[in-house]
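Observations on the three-dimensional arrangement
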Amino acid sequence: IPASARVVLIFDDRVIEPITVQIDLRLLRQAQALAEYGSFTRAAEALNIAQPSLSRGIKELESRVGLPLFERLRSGHKPTDFGRVFLEHASGLLA
């Protein structure tokens, strides 16, 4: 389900330029799962989708917001500082 949202984020006491983003709620669910599980494989299993599909979804979401949402680490994936703020706001859209 595509949704448009006017997003204004405050990050490190700075207002990030307000943007209007068209985001598929499916992509937000995928990002939340990756943040929760810390692994593309485990998040994809939890969502019952293929791992490459999840990877493409996260890349698409990051492209739409214009900033990386996750750090890719050897120990897994964790939200960037911006990603944490973004996901906190996104959780309100999914509630």
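Glancing now at the pattern of salt bridges. For the coordinates displayed, the defined rule picks out three salt bridges. Arginine 64 is paired through a salt bridge with glutamate 60; the nearest N and O atoms lie 2.4 Å apart. Of this pair, arginine 64 and glutamate 60 both sit in helix α3 (residues 51–65), four residues apart, which is roughly one turn of that helix. Put simply, arginine 84 and aspartate 81 hold a salt bridge, and the shortest N to O gap is 2.0 Å. Of this pair, arginine 84 and aspartate 81 both sit in helix α4 (residues 81–94), three residues apart, which is roughly one turn of the helix.

What follows concerns the pairing of strand β3 (residues 70–73). With four bridges connecting them, β3 and strand β4 (residues 76–79) associate as antiparallel partners. By the bridge assignment, glutamate 71 is partnered in β4 with lysine 78.

On to the nonpolar core, then. Counting 19 residues, the largest nonpolar core has Ile58, Leu61, Leu69, Phe70 and Phe86 as the members making the most contacts within it. Those elements that place two or more of their residues in this core are α1 (25–37), α2 (40–47), α3 and α4. At six residues, the largest contribution of residues to this core is made by α1.

What follows covers α1. Compared with an ideal rise of 1.5 Å per residue, which puts 13 residues at 18 Å, α1 spans 18 Å between its outermost C-alpha atoms and is within 8% of the ideal. What α1 keeps buried is the set Leu25, Leu27, Leu28, Gln30, Ala31, Ala33 and Leu34.

Let us now look at the packing of α1 against α3. At a minimum axis separation of 9 Å, α1 and α3 run at an interaxial angle of 110 degrees. With respect to α3, the element α1 is oriented roughly perpendicular. Side by side, α1 and α3 meet where Leu27, Leu28, Gln30, Ala31 and Leu34 of the first sit next to Ser53, Leu54, Gly57, Ile58, Glu60, Leu61 and Arg64 of the second. Looking at the contact of α1 with α3, its residues break down into seven nonpolar, three polar and two charged.

Our focus in this paragraph is the environment of aspartate 24. Considering the arrangement of structural elements, one finds aspartate 24 in strand β2 (residues 14–24). In sequence terms aspartate 24 and glycine 57 are 33 residues apart; their C-alpha atoms lie 9.6 Å from each other.

Every buried residue of α2 is listed here: Phe40, Ala43 and Ala44. Buried positions in α2, seen along its axis, are confined to an arc of 100 degrees and lie on one side of it. The inward-facing, buried residues of α2 abut α1, α3, β3 and β4. With a side-chain oxygen positioned 3.2 Å from the backbone nitrogen of threonine 41, the residue opening α2 is serine 39.

Glancing now at the confidence of the model for the chain. A low pLDDT means the predicted coordinates there should not be read in detail. Taken over all residues, the pLDDT of the chain has a mean of 81, while the share at 70 or more is 73%. At the level of individual helices and strands, the chain shows its lowest average pLDDT in strand β1 (residues 2–11), which scores 52, and its highest in α2, which scores 96.

Parameters and conventions
Residues numbered from 1 in each chain as written. Predicted model: local features only at pLDDT ≥ 70, side-chain atom pairs only at ≥ 80, totals over all residues. Heavy atoms only, no water. Salt bridge = Lys/Arg side-chain N within 4 Å of Asp/Glu carboxyl O. Helix = DSSP H or I, 4+ residues; strand = E, 2+ residues; numbered from the N terminus. Pairing = 2+ DSSP bridges. Core = buried A, V, L, I, M, F, W, Y, C linked by side-chain atoms within 4.5 Å. Buried < 20%, exposed > 50% of the residue type's maximum accessible area, 1.4 Å probe, protein only. Expected span 1.5 Å × (residues − 1). Axes fitted to C-alpha atoms, helices over the stretch in contact; angles between N-to-C directions. Parallel < 35°, antiparallel > 145°, perpendicular 65-115°, else oblique. Contact = heavy atoms within 4.5 Å. Nonpolar A, V, L, I, M, F, W, Y, C, P; charged D, E, K, R; others polar. Arc of directions from axis to C-beta. Polar contact = N/O pair within 3.5 Å; in protein donor to acceptor, adjacent residues only side chain to side chain. pLDDT = per-residue confidence, 0-100.

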